[in-house]
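Now for the letters of each chain:
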Amino acid sequence: MASKNRDFREPPLAFSGNKKYWAAELMDEAALLPAGATVWDVFGGSGVCARCIKDARPDVRVIWNDFDNYSERLRHIAESEELRKTLYRRFGGIGDASPQDSDFCRPLSSDEARAFHEACVAHHQRFGFFDDLLARRWSTIGVPKGFYDLNNPPKVLYSKVPRRPLKVAEAERWLDGLEITRCEASQLPIQDGDFVILDPPYVETACSEYRGSGTLPPLRDAYDILRRCKFILFGDASISFFYEIMTEKFAPRLFVKDGIVAAMRGAKRSEVMYSNW
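Residues numbered from 1 in each chain as written. Predicted model: local features only at pLDDT ≥ 70, side-chain atom pairs only at ≥ 80, totals over all residues. Heavy atoms only, no water.

## Looking at the pattern of salt bridges
Here is the rule: By salt bridge we mean one thing: a side-chain nitrogen of Lys or Arg within 4 Å of a carboxyl oxygen of Asp or Glu. To qualify as a helix, a DSSP run of H or I must reach at least 4 residues; to qualify as a strand, a run of E must reach at least 2; elements of each kind are numbered from the N terminus.
All told, the structure shown has 12 salt bridges when counted by the stated rule. Measuring nitrogen to oxygen at the nearest pair gives 3.1 Å for the salt bridge that ties R228 to D192. Of this pair, R228 sits in helix 8 (residues 219-228) while D192 sits in the loop between strand 5 (179-181) and strand 6 (195-198), and the two are 36 residues apart along the sequence. Among the charged side chains, a network of salt bridges with common partners joins R51, D55 and R173.

## Concerning helix 5 (residues 110-127)
Inclusion rule: Any helix carries an expected span of 1.5 Å times its number of residues minus one. Exposed residues in this analysis have more than 50% of their type's maximum accessible area, buried residues have under 20%, and partly exposed residues fall in between, with area computed by a 1.4 Å probe over protein chains only. In this description, contact between two residues means that some pair of their heavy atoms is separated by no more than 4.5 Å.
Across its 18 residues, helix 5 extends 26 Å between first and last C-alpha, which sits within 8% of the 26 Å expected from 1.5 Å per residue. Listed in full, the buried residues belonging to helix 5 are A113, A115, F116, H117, A119, C120 and H123. Where helix 5 is buried, its residues meet helix 4 (77-91) and helix 6 (132-137). One or two positions beyond helix 5, positive phi appears at G128, with a value near 75°.

## With respect to helix 1 (residues 23-30)
The element helix 1 is largely enclosed, with a buried count of 6 among its 8 residues. Residues of helix 1 that are buried include every one of A23, E25, L26, M27, E29 and A30, and no others.

## Re the environment of G93
With respect to the secondary-structure elements, G93 resides in the loop between helix 4 and strand 3 (106-107). Its relative accessible area of 3% is what places G93 among the buried residues. Remark: the alpha-carbon pair of G93 and P162, spanning 69 residues in sequence, is separated by 5.8 Å.

## What to know about the packing of aromatic side chains
Put simply, the rule reads: Pairs were defined over the aromatic rings of Phe, Tyr and Trp, the Trp ring being its six-membered one, requiring ring centres within 6.5 Å. Orientation was assigned from the angle between planes: stacked under 30 degrees, edge-to-face over 60, tilted for the rest. Charges are assigned to positions over rings by a cutoff of 6 Å between ring centre and Lys NZ or Arg CZ, combined with an angular limit of 35 degrees from the ring normal.
Per the counting criterion, the structure on display carries 7 aromatic pairs. Pairing W22 with F234 gives two aromatic rings, centres 5.6 Å apart and planes at 65°, and the pair type is edge-to-face. Residue W22 is found in the segment before helix 1, and its partner F234 is found in strand 7 (residues 230-236); the two are separated by 212 residues along the sequence. F234 shares its class with W22; the two are buried. In this structure, K19 packs its charged tip against the face of F234, placed 5.4 Å from the ring centre.

## Looking at the nonpolar core
Put simply, the test is: Buried Ala, Val, Leu, Ile, Met, Phe, Trp, Tyr and Cys residues that are joined via side-chain atoms within 4.5 Å together make up what is termed a nonpolar core.
Counting residues in each nonpolar core, the largest one holds 49 residues, and the members touching the most others are L26, L33, I53 and F116. Not counting residues up to four positions away in its chain, the partners in contact with I53 are L26, A30, L33, V39, V60, V62, I197 and W277. Membership of the second largest hydrophobic core comes to 18 residues, among which are W40, L188, L198 and F231.

Now the structure itself:
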């Protein structure tokens, strides 16, 4: 039976394109799963979908394909919090201009930028781990394109370190009960009759933070998974021919959510979710 817990599903570390706004719908769909079902979060991103399903149905097997290695970032979040405190103490950050200006950031001087970079290098040397995506978010304006390269740092840095601590306790619980794998979707041992969640980052979903070499499975691989399994599929409301074909063939139920802030430029858009669970 599905859990009644409908807490807002905010991933412990920000991840563009995550499905936190769909938590209630995902948990409703989880109630339809048969006992002993296996669910694959195929393009796992931050694991929001997997987490919602597992929280709603602790009795089912949920496998998160963490292609982006987000879970590794969570395992080191306490170390990243140490870096946040160091950088915030030295350079300030978001919200330091005035209580009304929560998005304030300022360009760092050349000396400050050098010191910022040296602090990041020292952190990596101390812990053997460096969250290059967090560092990029804390030092650039807008949604980051790429990652903070310790060998080739951004030429212009800004003070964007958040005042609030990272969600260390939430990160520890985020992984509870989930099976985690990491490979391309075409290599997953998905069985006929399994249940899948598909949010392809290179089809309709804007997700600049998805690490990939461009070799993620094309639409024909996603279609093969849909053909064999019960699915939930996310996409943009400007539906492509792929979604039109899929809708005609599989006749899933359609959910639409308007006004979601897009990853780029803060524009609002509509998202859709198909399900034939």
